[in-house]
Amino acid sequence: MKRRSFGLMGAVSAAAMSAGVGLPQRARAALTTADADRLKSELTPIGAERAGNADGSIPAWTGENLPLEGSGPWGILPDYFASDAKIVSINASNMEQYKDKLTPGTQAMMQKYPDFRIDVYPTHRTAIATQEVYDNAYKNVTGAVPAAGGSRFGVSGVYGAIPFPIPDPNDPLEAGAQIIQNHSFRWFGPYQTRNLCIYTMIDGQLVLATGDRVTQSCPYYFPGGDAASFDSGPHRGQLRNFLGPVFAPPQSKGQIYMELNTTNQLENPVKIWEYLVGQGRVRRAPELQYDTPETQANDLINYDESYGWYGSQDRYDWKSLGKKEMYIPYNNNKLWNATQFEAHGNHFINPDLVRWELHRVWVVDATLHPGERNVLPHRVFYVDEDTWTIAATDSYDAQGNLLRVVHIFNENRPDIPAVSMGTPAFYNFQTGNYVTVQAPWNSPPYNQPYLLTPIPDSTFNPQQMAAAGQY
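1. A look at the overall build of the protein chain
- Along its length, the protein chain carries 10 helices and 17 strands.
- On C-alpha atoms alone, the protein chain measures out to a radius of gyration of 21 Å, which is about the 23 Å that the 2.2 N^0.38 rule sets for 471 residues.
- C-alpha atoms of the protein chain, sized along the principal axes, occupy 60 × 50 × 50 Å.
- Buried residues in the protein chain amount to 61% of all 471 residues.
- Taking all contacts inside the protein chain whose residues are at least 6 apart in sequence as the whole, residues at least 24 apart take part in 68%.
- Total accessible area computed for the protein chain in this model is approximately 17600 Å², and 53% of it derives from carbon and sulfur atoms.
- Here the protein chain carries 37 positive and 47 negative side-chain charges, and the mean point of each set is 3 Å from the other.

So, in structure tokens, the structure goes:
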């Protein structure tokens, strides 16, 4: 499948932007307290449109949380909307009627696989956060300072919420980079510990690529902080710390991966370490970024594809194409209450288990910045307005051929509270194979307690990795 290219608007020279370091501060639209006050009126506290759409198929956002059922510690929570009646099923036979609300990748899946469909249900705007996150988002409207060279390199002056609740209204390139930064800064609580796994489906064979006990700490979201203390304190620039000791499959048991992700990759590059079984030592792995194949997914996706987008944005120009109403996966606790065997079909996730809803999304078109390279030179992102998380992506080669289709299935977590980004399914449009990344299936050992308790800073210490490893 081919698609047309979008033109890009640029205000700085290719040579200067390629250099990045040492550039003067890029001008940003001056947002005021009056702009921030919109988060208390026509916008939600983190910047989505508070009102529903014209025909009511997207309701107004109310901010009400879902009931927390059962008792902790929490594993997989129930399908909160199991009683909803399906509105429509869409496949290749009726796709034309709904194509204005389908991503090109979703349409291509319907054309390629006659049994691929999406089941559309009533829309529930379940995305919420804590009052502290809302208060921080209000401050970030006027406090955010893009990095030298623009927001694609990072941001400072922000804390405890997405950095750009109101993307730049005057510069589509800055707005696009800010929307994707919001995805990288998305809210899912300050701490998480959980068993997760990566599965590959290759030629109809389901294979466990990696099972790990994932520990994540988000210093940027620690309660009680502010932008000034964060930018100058002991956690300066620490967006998210990640530790993943591997427990399966047997040949990979004992491997450990650790990453310290940052708020400003230009000033403070991401730091990555890995401990490999049999070597007995920890090594820095700066190459595990961008389009390096991800070993934990059997090299079937690249590191910067994780979660739709992951890592430094400096190699692309990002253009906001505005918002659209589109069908995206949403409120998918039903999927996580299935086992991995029930969920994985030969070419795509079982449609019986996936819930799709109509939501407003930001559309961001990403093309390589002049002089940069990536095996995916053109990507389009569909970002949910309520959570600022990527819901779907389409990736193309230089000739406009569709290479990857990604659908991301989120999860209701009233215990955080959040609609937490769930698992992406990466469909390789050339081979017919696919990968699901970091999924919590309802079968051992993945349905283990989901801990939201504080994690000591010492957990993310590369000197301790070798002692914890097996060889």
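2. Things to note about unusual backbone geometry
- Cis peptide bonds are those with omega within 30 degrees of zero, and the linkage from Ala 248 to Pro 249 qualifies with -5 degrees.
- Counting through the fold element by element, Pro 249 comes out in the loop between β7 (238-248) and β8 (256-262).
- The omega torsion across Pro 444 and Pro 445 is 0 degrees, close enough to zero to call that bond cis.
- Inspection of the secondary structure puts Pro 445 in the loop between β17 (434-439) and α10 (465-468).
- The phi dihedral of Tyr 307 is positive, around 60 degrees, even though this residue is not glycine.
- Residue placement: Tyr 307 occurs in the loop between β10 (282-284) and β11 (316-329).
- The backbone phi angle of Asn 331 is positive, close to 55 degrees, even though this residue is not glycine.

3. A look at the pairing of strand β13 (residues 378-384)
- Judged by how many residues are buried, β13 sits mostly within the fold: seven of seven residues are covered.
- Taking every second residue as pointing to the same face, both faces of β13 are buried, with His 378, Val 380, Tyr 382 and Asp 384 on one and Arg 379, Phe 381 and Val 383 on the other.
- Across seven bridges, the pairing between strand β12 (residues 356-368) and β13 is antiparallel. Paired with Trp 362 across the two strands is Val 383, which belongs to β13.
- Between β13 and strand β14 (residues 390-396), which pair antiparallel one after the other, the connecting turn spans five residues, and Trp 388 there sits at a positive phi close to 60 degrees.

4. What about the pattern of salt bridges?
- Counting across every chain of the model gives 22 salt bridges.
- Taking the shortest distance from any N to any O, the salt bridge between Glu 385 and Arg 125 comes out at 3.5 Å. Of the two residues, Glu 385 is situated in the loop between β13 and β14 and Arg 125 in the loop between β2 (118-120) and α5 (131-143); the sequence distance between them amounts to 260 residues.
- Overall, the relative accessible area of 1% leaves Glu 385 in the buried class.
- Through salt bridges with shared partners, one network takes in Glu 49, Arg 125, Lys 323, Arg 360, Glu 385 and Asp 386.

5. What about the packing of aromatic side chains?
- Inspection of every chain in the model, using the stated rule, returns 23 aromatic pairs.
- Residues Phe 116 and Phe 348 carry aromatic rings whose centres are separated by 5.1 Å and whose planes lie at 85 degrees to one another, so their mutual orientation is edge-to-face. Of this pair, Phe 116 sits in the loop between α4 (104-112) and β2 while Phe 348 sits in the loop between α9 (340-343) and β12, placing them 232 residues apart in sequence.
- With a centroid separation of 5.5 Å and 75 degrees between ring planes, the pair formed by Tyr 220 and Phe 230 is classed as edge-to-face. Residue Tyr 220 is found in the loop between β6 (205-217) and α7 (227-232), and its partner Phe 230 is found in helix α7; the two are separated by 10 residues along the sequence. Neither Tyr 220 nor Phe 230 differs from the other in exposure class; each is buried.
- An aromatic cluster of at least three residues, connected via ring pairs, comprises Tyr 159, Phe 185, Trp 187, Tyr 220, Tyr 221 and Phe 230.
- Between the NZ or CZ atom of Arg 186 and the centre of the ring of Tyr 307, over which it lies, the distance is 5.4 Å.
- Above the face of the Tyr 290 ring, Arg 315 is positioned so that its terminal group lies 3.6 Å from the ring centre.

Conventions we followed
- Residues numbered from 1 in each chain as written.
- Predicted model: local features only at pLDDT ≥ 70, side-chain atom pairs only at ≥ 80, totals over all residues.
- Heavy atoms only, no water.
- Helix = DSSP H or I, 4+ residues; strand = E, 2+ residues; numbered from the N terminus.
- Rg over C-alpha atoms; globule rule 2.2 N^0.38 Å.
- Buried < 20%, exposed > 50% of the residue type's maximum accessible area, 1.4 Å probe, protein only.
- Contact = heavy atoms within 4.5 Å.
- Areas by Shrake-Rupley, 256 points an atom, 1.4 Å probe, with all protein chains shown as cover.
- Lys, Arg positive; Asp, Glu negative; His and termini not counted.
- Charge placed at Lys NZ, Arg CZ, Asp CG, Glu CD.
- Pairing = 2+ DSSP bridges.
- Salt bridge = Lys/Arg side-chain N within 4 Å of Asp/Glu carboxyl O.
- Phe/Tyr/Trp six-rings, centres within 6.5 Å; stacked < 30°, edge-to-face > 60°.
- Lys NZ or Arg CZ within 6 Å of the ring centre and 35° of its normal.

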